[in-house]
Amino acid sequence: MPKLQGFEFWSHTLRGARHVVAPMVDQSELAWRLLSRRHGAQLCYTPMLHAQVFVRDANYRKDNLYCEVCPEDRPLIVQFCANDPEVFVQAALLAQDYCDAIDLNLGCPQMIAKRGHYGAFLQDEWDLLRRMILLAHEKLSVPVTCKIRVFPEIDKTVRYAQMLEKAGCQLLTVHGRTKEQKGPLSGAASWEHIKAVRKAVAIPVFANGNIQSLQDVERCIQDTGVQGVMSAEGNLHNPALFEGRSPAVWELAEEYLDIVQEHPCPLSYVRAHLFKLWHHTLQVHQQLREELAKVKTLEGIAAVSQELKMRCQEEISRQEGAKPAGDLPFHWICQPYVRPGPREGSKEKAGARSKRALEEEECGTEVLSKNKQKKQLRNPHKTFDPSLKRKCVFSLCRGCCKKRASKETADCPGHGLLFKTKLEKSLAWKGMQPELQEPQTATPGTPGGFSEVMSTALA
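So, how was this worked out
- Residues numbered from 1 in each chain as written.
- Predicted model: local features only at pLDDT ≥ 70, side-chain atom pairs only at ≥ 80, totals over all residues.
- Heavy atoms only, no water.
- Helix = DSSP H or I, 4+ residues; strand = E, 2+ residues; numbered from the N terminus.
- Contact = heavy atoms within 4.5 Å.
- Core = buried A, V, L, I, M, F, W, Y, C linked by side-chain atoms within 4.5 Å.
- Buried < 20%, exposed > 50% of the residue type's maximum accessible area, 1.4 Å probe, protein only.
- Domains from an automatic or database assignment.
- Phe/Tyr/Trp six-rings, centres within 6.5 Å; stacked < 30°, edge-to-face > 60°.
- Pairing = 2+ DSSP bridges.
- Right-handed = clockwise from strand over helix to strand, strands pointing away.
- Arc of directions from axis to C-beta.
- Axes fitted to C-alpha atoms, helices over the stretch in contact; angles between N-to-C directions.
- Parallel < 35°, antiparallel > 145°, perpendicular 65-115°, else oblique.
- Left-handed = near helix turned anticlockwise from the far one by under 90°.
- Nonpolar A, V, L, I, M, F, W, Y, C, P; charged D, E, K, R; others polar.
- Salt bridge = Lys/Arg side-chain N within 4 Å of Asp/Glu carboxyl O.

## Considerations on the side chain of Thr178
Then step 1. When you line up the elements, Thr178 lands in the loop between strand S7 (172–175) and helix H9 (191–200).
Then step 2. The residues touching Thr178, leaving out its near neighbours within four places in the chain, are Arg149, Val150, Phe151 and Pro152.

## Re the nonpolar core
Then step 1. Of all hydrophobic cores here, the largest spans 111 residues; its most connected members are Phe80, Ile102, Leu164 and Leu172.
Then step 2. In this structure, this core is formed jointly by two domains, domain 1 (6–245) and domain 2 (247–338), each of which donates at least three residues.
Then step 3. Core analysis: the second largest hydrophobic core is formed by seven residues, Ala405, Ala410, Cys412 and Leu417 among them.

## Re the packing of aromatic side chains
Then step 1. As enumerated under the stated definition, the model contains 10 aromatic pairs in all.
Then step 2. Here Trp126 and Tyr160 contribute two aromatic rings whose centre-to-centre distance is 5.7 Å and whose plane-to-plane angle is 20°, an arrangement assigned as stacked. Separated by 34 residues along the polypeptide, Trp126 in helix H7 (residues 126–139) and Tyr160 in helix H8 (residues 154–167) bring together distant segments of the chain. Tyr160 matches Trp126 in its accessibility class, with the two residues each being buried.
Then step 3. Three or more aromatic residues link up through ring pairs in this structure, and these residues are Phe54, Tyr60, Tyr66, Phe80 and Tyr98.

## A word on the environment of Val205
Then step 1. The topology assignment puts Val205 in strand S8 (residues 205–208).
Then step 2. For Val205, a relative accessible area of 0% translates into the label buried.
Then step 3. Sequence separation between Val205 and Gly6 is 199 residues, and the spatial gap between their C-alpha atoms is 9.7 Å.

## Section: the pairing of S7
Then step 1. Burial along S7 is two-sided: Leu172 and Val174 and Thr173 and His175, pointing in opposite directions, are all buried.
Then step 2. Where strand S6 (residues 144–149) meets S7, four bridges bridge the pair, whose relative direction is parallel. By the bridge assignment, Arg149 is partnered in S7 with His175.
Then step 3. Handedness of the β-α-β unit built from S6, H8 and S7 comes out right-handed.
Then step 4. One crossover worth recording links S7 to the parallel S8 by way of H9, and it is right-handed.

## Focus: helix H15 (residues 286–294)
Then step 1. What H15 keeps buried is the set Gln286, Leu288, Arg289, Leu292 and Ala293. One side of H15 carries all its buried residues, which in axial view fall inside an arc of 155°.

## Here we look at the packing of helix H12 (residues 249–262) against helix H16 (residues 298–318)
Then step 1. Following both chains from N to C, one finds H12 and H16 inclined at 165°, their axes separated by 10 Å at the closest point. Compared by their axis directions, H12 and H16 come out roughly antiparallel. H16 is crossed by H12, and the crossing has left-handed handedness. Packed against H12, whose contacting residues are Trp250, Ala253, Glu254, Leu257, Val260 and Gln261, the element H16 presents Leu298, Ile301, Ala302, Ser305, Gln306, Lys309, Cys312, Gln313 and Ile316 at the interface.
Then step 2. Looking at side-chain class alone, the contact of H12 with H16 contains nine nonpolar, four polar and two charged residues.

## Observations regarding unusual backbone geometry
Then step 1. Cis geometry marks the peptide bond from Arg74 to Pro75, where omega comes out at 0°.
Then step 2. Structurally, Pro75 is set in the loop between helix H4 (58–64) and strand S4 (76–81).
Then step 3. One non-glycine residue, His117, lies in the positive phi region at around 60°.
Then step 4. Phi at Asn210 is positive, roughly 70°, even though this residue is not glycine.
Then step 5. You can see Asn210 is positioned in the loop between S8 and helix H10 (214–224).
Then step 6. Taking the relative accessible area as the measure of exposure, Asn210 reaches 25% and is therefore partly exposed.

## A word on the environment of Pro2
Then step 1. Among the structural elements, Pro2 can be located in the segment before helix H1 (6–13).
Then step 2. Pro2 gets classed as exposed once you look at its relative accessible area, which sits at 67%.
Then step 3. Note: C-alpha distance between Pro2 and Ser141 (139 residues apart in sequence) is 8.4 Å.

## Points about the pattern of salt bridges
Side chains that carry opposite charge are capable of pairing whenever their charged atoms lie near each other.
Then step 1. Under the criterion given, the structure shown has 14 salt bridges.
Then step 2. The residue Asp73 makes a salt bridge to Arg37 at a minimum N-O spacing of 3.0 Å. Of this pair, Asp73 sits in the loop between H4 and S4 while Arg37 sits in helix H2 (residues 30–38), placing them 36 residues apart in sequence.
Then step 3. On the accessibility criterion, Arg37 (15% relative accessible area) is buried.

Quick look at the structure:
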């Protein structure tokens with residue numbers, strides 16, 4: 001069967017999907033995708049996968065894609081970050097039998113993407129991107145798609161989109177923010193940029209940004225003319241967003257936890273989802289917020305969620321007929337989260353500590369990053385505790401430290417350089433074995449000469 005392209009791919013393979021769940025690192029895992037599909041999502045993306053790691057690490061492939069094959073989880077698009085055409089295509093070839101399309105991440109604005117040279121930090125390298133998309137379009141049996149961020153200038157954004165389309169991109173998701181718009185500086189996404197791209201290309205376009213409700217979805221489609229709308233943060237706070245419902249939080253929390261029992265995922269993913277779902281309630285019940293941060297089992301997380309449910313129901317019974325206080329509905333209802341601006345974000349409420357701070361308080365220096373936890377599973381005998389690592393005695397990088405330690409005949413345990421120790425051992429060894437030292441050359445007949453050596457030998 002020939003590979004479908006453009007609108008034919010969208011209408012047949014993707015079944016004309018209009019409601020799309022975004023690729024979210026550690027958050028759009030199988031269990032969450034299945035929950036979202038039950039509540040109106042028509043297309044889902046995997047979390048962003050690193051192409052290079054996907055190619056070289058069989059365990060990474062198994063953990064992130066191969067073990068998650070599920071008939072309910074289609075249509076599905078696998079997203080990769082990459083900066084090398086060959087590596088991108090190698091990873092895509094390994095994934096194409098498990099999905100309906102391969103997406104190239106050109107929208108990640110985070111510092112890790114800058115250090116790794118991928119995501120939105122490739123948006124000025126048009127020749128490289130052209131080669132990546134062109135090669136993938138030629139080699140893959142499934143379509144290649146892209147998710148991008150906009151430039152400040154609409155005309156440059158349009159030319160960028162047209163370049164990707166010409167290279168072979170079959171569907172384009174446009175996040176209406178620049179790569180500088182992130183965190184507290186996110187601001188509103190520009191639907192004008194998205195609208196201009198939609199008018200300029202002949203492939204399907206999905207819009208991303210400013211989506212907190214079904215009304216936002218419908219308004220975005222009407223205002224921009226896009227084929228579908230992608231939601232990330234809105235979906236995390238209300239997985240029923242595409243149904244146009246705002247159910248009680250515990251309804252979706254319990255359903256999600258049931259799915260996790262059937263399709264397990266790392267506990268950190270589950271905890272993060274519960275923090276999002278219960279976000280508003282946890283501002284009220286700070287003690288349970290701390291418990292949710294510190295609990296170490298799925299059963300423990302479920303118990304905290306159940307306790308939150310009971311407290312909310314008690315509050316409901318006391319407030320029957322009452323109206324919600326403030327601008328938000330009752331806190332136990334799934335509802336949007338409005339990201340605070342720079343000034344608001346710096347003013348933390350008394351007693352409201354971050355999940356990471358709570359975990360560190362509980363575990364001290366034993367807390368490792370998610371990446372190091374995964375490495376520790378693969379290398380159980382290796383030490384990853386930063387508190388056990390020794391620092392450079394000269395406070396230099398390894399190269400400079402090596403030069404200085406060699407010059408000064410010094411040791412640096414932090415870098416594993418032992419010039420002084422090795423010299424001392426060498427001298428001690430020579431002192432214990434004098435017979436290995438070379439004899440002095442002497443003239444026969446002179447003191448210490450040949451006759452003396454012979455008489456000594458015969459003695």
